[in-house]
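# Observations on the three-dimensional arrangement
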Amino acid sequence: MKHIARKRFGQHFLTDQDAIERIVQAIAPQPGQALVEIGPGLGALTQPLLARCGALCVIEIDRDLAAHWRRRAQLEVIEADVLQVDFAALARSRGTKLRVVGNLPYNISSPILFHLLEAVNHVADQHFMLQAEVVQRLTASAATKAYGRLSVMLQWRYQIEHLIDVAPASFEPAPRVNSAVVRMQPLHDFAPVQPAHLSELVRVAFSQRRKLLRHTLGRWLEARRFDGQFDLQRRAEEVPVAQYLSLAAACAG
Ligand code: SAM
């Protein structure tokens with residue numbers, strides 16, 4: 001198909017057969033699974049996934065690409081902005097948890113990750129190509145530069161594994177950044193905290209990374225009359241995920 005890449009949709013099409021093969025192997029799709037691909041583009045992943053599992057649901061915002069894929073009988077095409085897609089309803093309509101995959105548009109990759117977090121109970125796993133820097137943030141441990149809000153919020157609900165590095169030359173047009181593929185598997189055991197409450201706590205903590213937490217989180221906790229133990233003489237990036245979760249549980253509502 002003839003198609004000029006649209007920058008506004010973050011279109012960088014994978015062309016490296018070796019990278020494609022490694023990604024599909026990592027996904028290991030099986031017939032009967034409820035696979036959902038975000039942004040099929042020109043089909044670099046769509047075709048080999050379809051060859052292995054026989055049917056696939058794709059979500060594509062680009063009208064021309066969506067029209068192209070609608071001609072394939074084995075594909076269910078949702079022409080939409082992925083951020084508007086109700087993944088919980090999609091899973092319910094299939095009667096099973098979803099396996100969500102995609103070489104994501106980098107300009108909205110964090111919003112997509114947070115959108116999917118809302119449907120985490122309906123997801124079996126996620127395999128995504130992302131900007132390498134985002135993968136570093138997703139997998140970062142406390143006391144590292146990459147550690148931040150994204151690390152805490154997503155490590156709360158997923159086990160996250162950095163799988164494959166992919167160079168700019170593997171795409172057409174080549175992005176200006178390095179890329180990496182990540183696997184995210186929802187955790188069975190996770191702290192039972194309210195997402196909005198944890199999100200606010202973590203946002204306040206990381207609002208001024210360089211300052212000690214007593215200047216940021218300290219005030220927030222004070223306003224909530226928190227009287228438990230928490231060392232505020234640290235910077236946000238020094239606090240491990242488990243301690244944020246305990247604190248969120250201890251100062252809930
Ligand atoms: N999967 C193809 C590949 O690997 O070559 C294309 C990947 S390209 C990086 C991102 C794809 O996501 C494009 O097809 C683009 O049109 C689509 N896309 C961008 N923004 C989107 C959105 N908000 N909702 C759904 N699809 C979107």
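Residues numbered from 1 in each chain as written. Predicted model: local features only at pLDDT ≥ 70, side-chain atom pairs only at ≥ 80, totals over all residues. Heavy atoms only, no water.

### Details of the sheet that holds strand S5 (residues 98–103)
On the basis of which strands lie adjacent, the open sheet formed by seven strands has the order S4-S3-S2-S5-S6-S9-S7 and mixed pairing. At either margin of the open sheet sits one strand with a lone partner, and together these are strand S4 (75–79) and strand S7 (158–166). Across the sheet, the mean angle from the axis of one strand to that of its neighbour is 20°, orientation sign disregarded. Here strand S6 (residues 123–131) runs beside strand S9 (residues 179–186); their pairing, made up of six bridges, is antiparallel. (Pairing = 2+ DSSP bridges. Helix = DSSP H or I, 4+ residues; strand = E, 2+ residues; numbered from the N terminus. Axes fitted to C-alpha atoms, helices over the stretch in contact; angles between N-to-C directions.)

### A look at the pattern of salt bridges
Side chains that differ in charge, positive against negative, can pair when their charged atoms come close. One pass over the full model with this rule turns up 11 salt bridges. Glu 133 is the partner of Arg 137 in a salt bridge, and the nearest nitrogen-oxygen pair spans 3.6 Å. One end of the pair is Arg 137 and the other is Glu 133, both in helix H6 (residues 132–139) and four residues apart, which spans about a single turn. Between Glu 237 and Arg 209 there is a salt bridge, and its shortest N-O distance comes to 2.8 Å. One end of the pair, Glu 237, is in the loop between helix H9 (217–223) and helix H10 (241–250); the other, Arg 209, is in the loop between helix H8 (195–205) and H9, and 28 residues separate them in sequence. You can call Arg 209 partly exposed: its relative accessible area is 29%. One network of salt bridges, in which partners are shared, links Arg 6, Asp 62 and Asp 64. (Salt bridge = Lys/Arg side-chain N within 4 Å of Asp/Glu carboxyl O. Buried < 20%, exposed > 50% of the residue type's maximum accessible area, 1.4 Å probe, protein only.)

### Observations concerning the domain arrangement of the protein chain
Taken as a whole, the protein chain is organised into domain 1 (7–186) and domain 2 (195–250). Distance from the C-alpha centre of domain 1 to the C-alpha centre of domain 2: 31 Å. The partner domain 2 presents 15 residues to the 12 residues of domain 1 that form the contact. Each partner contributes to the roughly 1,100 Å² buried at the junction of domain 1 and domain 2, and carbon and sulfur atoms together form 73% of this total. Ranking the residues of domain 1 by area buried against domain 2 places Tyr 147, Arg 149 and Trp 156 at the top, with a combined share of 48%. At the boundary of domain 1 and domain 2, one finds zero salt bridges. Counting every contact that joins domain 1 to domain 2 gives six residue pairs in polar contact (both at pLDDT 80 or more). Residue composition of the side of domain 1 that touches domain 2, by class: six nonpolar, four polar and two charged. (Domains from an automatic or database assignment. Contact = heavy atoms within 4.5 Å. Buried area = accessible area lost by both parts, 1.4 Å probe. Polar contact = N/O pair within 3.5 Å; in protein donor to acceptor, adjacent residues only side chain to side chain. Nonpolar A, V, L, I, M, F, W, Y, C, P; charged D, E, K, R; others polar.)

### Some details on the packing of aromatic side chains
By the definition in use, this model includes two aromatic pairs. Measuring from centroid to centroid gives 6.0 Å for Tyr 147 and Phe 206, while their planes differ by 70°, and the two rings are edge-to-face. Placement of Tyr 147 in the loop between H6 and helix H7 (149–157) and of Phe 206 in the loop between H8 and H9 is noted, with a sequence separation of 59 residues between them. Here Tyr 147 matches Phe 206 in class, with each residue buried. The interplanar angle of 40° and the centroid separation of 5.9 Å between the aromatic rings of Phe 206 and Tyr 244 together place this pair among those described as tilted. Residue Phe 206 is located in the loop between H8 and H9, and its partner Tyr 244 is located in helix H10; the two are separated by 38 residues in the primary sequence. The exposure class of Phe 206 is buried, given its relative accessible area of 11%. (Phe/Tyr/Trp six-rings, centres within 6.5 Å; stacked < 30°, edge-to-face > 60°.)

### Topic: the site of the ligand
With respect to spatial proximity, 23 residues lie near the ligand, and among them Gln 11, Leu 14, Gly 39, Glu 60 and Asn 103 are the closest. In the model, a nitrogen atom of the ligand is placed 2.9 Å from a nitrogen or oxygen of the Asp 81 side chain. Protein burial of the ligand: of its 590 Å² of free accessible surface, 98% is covered by the chains. Mapped by element, the contributors of at least two residues to the shell around the ligand are strand S1 (13–14) and strand S3 (56–60). (Near = heavy atom within 4 Å. Areas by Shrake-Rupley, 256 points an atom, 1.4 Å probe, with all protein chains shown as cover.)

### A few points about H6
The α-helix winds at 3.6 residues per turn, so residues separated by three or four positions along the chain end up facing the same way. Considered for burial, the residues of H6 that qualify are Ala 132, Val 134, Val 135 and Leu 138. Viewed along the axis of H6, the buried residues span an arc of 155°, placing them on a single side of the element. In this fold, the buried residues of H6 make contact with helix H5 (109–117), S6, H7, S7 and S9. (Arc of directions from axis to C-beta.)

### Considering the packing of H6 against H7
Any two packed helices are characterised by how steeply their axes cross, that is the angle between the axes, and by the distance between the axes. At a closest axis distance of 7 Å, the pairing of H6 and H7 adopts a crossing angle of 60°. Between H6 and H7, the angle is such that the two are oblique. Considering the relative orientation of H6 and H7, their crossing is right-handed. On the side of H6, the interface is formed by Val 134, Arg 137, Leu 138 and Thr 139, while H7 contributes Leu 150, Ser 151, Leu 154 and Gln 155. (Parallel < 35°, antiparallel > 145°, perpendicular 65-115°, else oblique. Left-handed = near helix turned anticlockwise from the far one by under 90°.)

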